[in-house]
Amino acid sequence: MIDVLELSGQIFALEERLGLDLSASDSLRYQQRDHIHPLIESAVRNRDFHELTEALTEAGGCWGPYQKLSEAIKDPKMVMENPVFDTITNVSGISYPVPGAAATLPAQKRSAPLPAPKLGSDTRAVLRSLLALDNTEISQLIKDGIVAESATDQ
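Here the structure is a predicted model, which is why all the values come from computation and not from measurement.

A. Molecular detail of the pattern of salt bridges. A complete count under the given rule lists 4 salt bridges for this structure. With a shortest N-O distance of 2.1 Å, R29 and D26 are connected by a salt bridge. Residue R29 and its partner D26 are located together in helix α2 (residues 26-31), separated by 3 residues, close to a single helical turn. Accessibility expressed as a relative area gives 31% for R29, which makes it partly exposed. The salt bridge involving R47 is made with E51; its shortest N-O contact spans 3.2 Å. Given a relative accessible area of 22%, R47 falls into the partly exposed group. Note on E51: relative accessible area 43%, which makes it partly exposed.

In structure tokens, the structure reads:
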């Protein structure tokens with residue numbers, strides 16, 4: 001990408017100034033991002049978008065146009081046709097795309113993402129498993145207003 005953006009000289013000068021070899025690791029480039037980003041910004045600022053995208057694509061670059069989240073979620077390739085995403089209906093009744101597992105282990109079926117539980121829907125199970133409370137103790141905590149259950153579980 002340095003060649004596509006014609007930054008070889010500037011990157012070399014930066015490496016000399018910092019006493020670093022930025023080709024050595026991604027983490028090193030990340031650490032020096034405050035020095036590198038302005039170089040990239042100035043290299044792309046006045047370039048024609050179509051010319052730049054063609055050059056980056058031809059060079060095998062990993063790039064994409066900036067999108068707001070509201071635009072990105074409408075991008076079919078990024079979300080709606082992406083097998084990582086499924087549409088779920090939250091307990092609020094609103095449906096929206098959510099990512100599932102980023103990886104699948106061999107011999108395991110990839111399960112669909114689930115909506116978050118309704119606040120308080122697992123109160124009894126949590127108190128039983130984490131605090132080893134019995135039903136009488138849990139009922140007393142609920143009666144005293146110390147803990148609560150979701151309206152549908154009462």
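From this point, the discussion proceeds with the structure in view.
B. Examining the layout of surface pockets more closely. Considering only enclosed or pocket space, the largest pocket measures out at about 750 Å³ in volume. Lining of the largest pocket is provided by 25 residues; of these, M1, L5, I36, I40 and C62 occupy positions nearest its centre. At the level of elements, α1 (8-18), α2, α3 (33-45) and α4 (49-58) are the ones that each hand at least two residues to the lining of the largest pocket. The element contributing the most residues to the lining of the largest pocket is α3, with 5 residues. For the lining of the largest pocket, the class distribution of residues is 17 nonpolar, 5 polar and 3 charged.

C. Spotlight on the side chain of S150. The topology assignment puts S150 in the segment after α8 (135-143). Looking at S150, the relative accessible area reads 3%, which means it is buried. With near-sequence residues (within four places) excluded, S150 lies in contact with K118, L119, G120 and S121.

D. Representation of unusual backbone geometry in the model. Positive phi is not limited to glycine here, since E6 has a value of about 55°. Tracing the sequence through the fold places E6 in the segment before α1. Overall, the relative accessible area of 64% leaves E6 in the exposed class. Its identity as a non-glycine residue notwithstanding, A107 has a phi of 65°, on the positive side. Assignment of secondary structure puts A107 in the loop between β2 (95-99) and α7 (123-131). Using a relative accessible area of 90% as the deciding quantity, one classes A107 as exposed.

E. Representation of the environment of A72. Here A72 shows up in helix α5 (residues 69-72). Classification of A72 as buried rests on a relative accessible area of 9%. Measuring from C-alpha to C-alpha, the distance between A72 and L56 comes to 21 Å, with 16 residues separating the pair along the chain. Not counting residues within four places of it along the chain, the set of residues in contact with A72 comprises Q67, M78 and V79.

Thresholds, definitions, all that
- Residues numbered from 1 in each chain as written.
- Predicted model: local features only at pLDDT ≥ 70, side-chain atom pairs only at ≥ 80, totals over all residues.
- Heavy atoms only, no water.
- Salt bridge = Lys/Arg side-chain N within 4 Å of Asp/Glu carboxyl O.
- Helix = DSSP H or I, 4+ residues; strand = E, 2+ residues; numbered from the N terminus.
- Buried < 20%, exposed > 50% of the residue type's maximum accessible area, 1.4 Å probe, protein only.
- 1 Å grid on protein atoms, 1.4 Å probe; cavity = no way out; pocket = protein on both sides within 12 Å on 5 of 7 lines; lining within 4 Å.
- Points joined across faces, edges and corners; volume = space filled by probe spheres on them.
- Nonpolar A, V, L, I, M, F, W, Y, C, P; charged D, E, K, R; others polar.
- Contact = heavy atoms within 4.5 Å.

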